[in-house]
Amino acid sequence: MKIGVLTSGGDAPGMNAAIRAVVRAGISSGHEIYGIKDGYQGLVQDQMDLLDSHSVSGMLSLGGTFLGTARSQEFLQEEVRLKAVENLKKREIDALIVIGGDGTYRGAMELSKLGIKTIGLPGTIDNDIAGTDYTIGFYTAVETIVDAIDKLRDTSTSHQRCSIVEVMGRYSGDLALFAGICGGAEFIITPENPMDKKAIIKKLKDHKAQGRRHAIIVITEKIIDVHAFAKEISEESGFSSRATVLGYIQRGGSPCPEDRILGSRMGSYAIDLLNQDIYGVCVGVRDSRMVHLPFANVVGQKKPKNELYSLVTRVSS
Ligand code: F6P
């Protein structure tokens, strides 16, 4: 078989491990693997190269995606998708492995309806894809955030400050939750755990009265203006406060071992599925086992709340 592989949407550490596994497992199964540049954009512009085993040497430890990625709004248009299918047919590529998030899966589902044998791998730091316990890139982003929290605790303690750390995650709080727990944050605010500002400020006053020298608040993006919140805390809690928006460093970095293994397992599993003529599905890891589900069962589905949320009291731990 001729199989295309692409990465789409926000990049994530571990995507290269997944691509490497697709190439190596694919070649060892006798297939030809084509690397498609810059997500669906490359598909539409016919930017694809035959990859060999050497093409993916040294990829395991490399962050980002060597194929490049993009967010392709135009792929929402039927005629653009038909152009993509035409390019695949021209090259006699009849299967496509896409690595990305919810938007990527939507494109793959549409291509599946147009006769392309597609398989989706969950590649995003947000961990917001249903049908899988973890997404490729999540654990590396958690590690990056925990490192930042540890550093911020040093300076917060020196200055008797409350540090507010805003993290990514789009509409999912998993990055804030996992990193907040690992970093020993006093407060973790996520879309799943709505904030109670007054209760937080009161709790901070109590901490100050108990002689605590610092406080850490970890909060998911898009909830509140963290700099305005820091000003309020400085004025009302007894702690001086500063906000740090971690931003795009959460997307970079060499993938941690968990993401190298997860990417490798998922890439190899995708080839196993195609070898069994199974497609139109997305791959997941559930209780450490590889699983697959039809796209329709995953796209647009809300992921069940992680049980760790129950460990976090609403205001402070
Ligand atoms: O989906 C991954 C992510 O990093 C989100 O956490 C974040 O909100 C978004 O991408 C940023 O999108 P962009 O890279 O297009 O600015």
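Please refer to the structure placed before this passage.
Residues numbered from 1 in each chain as written. Predicted model: local features only at pLDDT ≥ 70, side-chain atom pairs only at ≥ 80, totals over all residues. Heavy atoms only, no water.

Novice: Help me understand the pairing of strand E1 (residues 2-7) in this model?
Specialist: Along any regular strand, the residues point their side chains to alternate faces of the sheet. Of all the 6 residues making up E1, 5 are buried; the element is thus mostly covered by neighbouring parts of the structure. Note: E1 against strand E2 (residues 32-36), 4 bridges, orientation parallel. By the bridge assignment for E2, isoleucine 3 is matched with isoleucine 33. Running through helix H1 (residues 15-28), the crossover from E1 to the neighbouring parallel element E2 is right-handed. Pairing geometry for E1 and strand E4 (residues 95-100), over 5 bridges, is parallel. Note on E4: the bridge partner recorded for isoleucine 3 is alanine 95. (Buried < 20%, exposed > 50% of the residue type's maximum accessible area, 1.4 Å probe, protein only. Helix = DSSP H or I, 4+ residues; strand = E, 2+ residues; numbered from the N terminus. Pairing = 2+ DSSP bridges. Right-handed = clockwise from strand over helix to strand, strands pointing away.)

Novice: What is the right way to read the sheet that holds strand E6 (residues 161-167) from this model?
Specialist: Adjacent strands of a sheet pair through backbone hydrogen bonds, lying either parallel or antiparallel. Strand order in this open sheet of 4 strands is E7-E8-E6-E9, and the pairing throughout is parallel. What marks the edges here is a single partner per strand, and that holds for strand E7 (187-189) and strand E9 (240-245). When the angles between neighbouring strand axes are averaged without regard to direction, this sheet yields 15°. Taken together, the 3 bridges between E7 and strand E8 (residues 215-220) define a ladder with parallel strand orientation. In the sheet register, isoleucine 189 faces E8, and the bridge partner there is isoleucine 219. Contacts from helix H5 (residues 138-159) reach E6, E8 and E9, with the element oriented near 160° to E6. Packed on one face of the sheet, helix H7 (residues 197-209) meets E6, E7 and E8 and runs near 165° to E7. (Axes fitted to C-alpha atoms, helices over the stretch in contact; angles between N-to-C directions. Contact = heavy atoms within 4.5 Å.)

Novice: What is the right way to read the pattern of salt bridges from this model?
Specialist: Pairing of side chains with opposite charge becomes possible as their charged atoms draw close. Applying the stated criterion across every chain yields a total of 18 salt bridges. Where lysine 2 meets glutamate 92, a salt bridge forms, and the shortest distance between an N and an O atom there is 3.8 Å. Of this pair, lysine 2 sits in strand E1 while glutamate 92 sits in the loop between helix H3 (78-90) and E4, placing them 90 residues apart in sequence. By relative accessible area, which is 57% here, glutamate 92 ends up exposed. Several salt bridges share partner residues, and in doing so they unite Glu78, Arg81, Glu110 and Lys113 into one network. (Salt bridge = Lys/Arg side-chain N within 4 Å of Asp/Glu carboxyl O.)

Novice: Would you mind going over the site of the ligand with me for this structure?
Specialist: What surrounds the ligand is the set Arg71, Thr124, Asp126, Met168, Gly169, Arg170, Glu221, Lys222, Tyr248 and Arg251. Measuring from an oxygen atom of the ligand, one finds a backbone N or O atom of glycine 169 at 3.1 Å. Tyrosine 248 is positioned such that a nitrogen or oxygen atom in its side chain is 2.5 Å from an oxygen atom of the ligand. Protein chains bury 79% of the 400 Å² of accessible surface belonging to the ligand in isolation. Residue composition of the shell around the ligand, by class: 2 nonpolar, 2 polar and 6 charged. (Near = heavy atom within 4 Å. Polar contact = N/O pair within 3.5 Å; in protein donor to acceptor, adjacent residues only side chain to side chain. Areas by Shrake-Rupley, 256 points an atom, 1.4 Å probe, with all protein chains shown as cover. Nonpolar A, V, L, I, M, F, W, Y, C, P; charged D, E, K, R; others polar.)

Novice: Looking at this structure, how should I read the side chain of arginine 251?
Specialist: As for its placement among the helices and strands, arginine 251 is situated in the loop between E9 and helix H9 (257-275). Taking the relative accessible area as the measure of exposure, arginine 251 reaches 19% and is therefore buried. Discounting residues that sit within four places of it in the chain, arginine 251 has contacts with Gly10, Asp11, Ala12, Pro13, Arg71, Ile125 and Met168.

Novice: Before we go on, may I ask you to explain empty space enclosed by the protein in this structure?
Specialist: Rolled over the atoms, a probe sized like a water molecule indicates the empty space that remains. One pass over the structure, following the stated rule, counts 1 cavity of 30 Å³ or more. Here the largest cavity is characterised by a volume of approximately 40 Å³. If you go around the largest cavity, you meet 13 residues; those closest to its centre are Ala130, Gly131, Cys282, Val283 and Gly284. A breakdown of the residues in the lining of the largest cavity according to their chemical character gives 9 nonpolar, 4 polar and no charged. (1 Å grid on protein atoms, 1.4 Å probe; cavity = no way out; pocket = protein on both sides within 12 Å on 5 of 7 lines; lining within 4 Å. Points joined across faces, edges and corners; volume = space filled by probe spheres on them.)

Novice: Honestly, the packing of aromatic side chains in this entry has me stumped. Any pointers?
Specialist: Aromatic ring pairs: the centre-centre distance and the angle between the two ring planes describe each pair. Within this structure, the stated rule accounts for 8 aromatic pairs. Ring geometry for tyrosine 134 against tyrosine 139: centres 5.0 Å apart, planes inclined by 45°, an arrangement best described as tilted. By relative accessible area, tyrosine 134 is classed as partly exposed at 25%. Judged by its relative accessible area of 27%, tyrosine 139 falls in the partly exposed class. Summarising the aromatic geometry, the rings of tyrosine 134 and phenylalanine 178 are spaced 6.2 Å apart at their centres and angled 90° between planes, so their arrangement reads as edge-to-face. With a gap of 44 residues between them, tyrosine 134 in the loop between strand E5 (117-122) and H5 and phenylalanine 178 in helix H6 (residues 174-182) connect regions that are remote in the sequence. (Phe/Tyr/Trp six-rings, centres within 6.5 Å; stacked < 30°, edge-to-face > 60°.)

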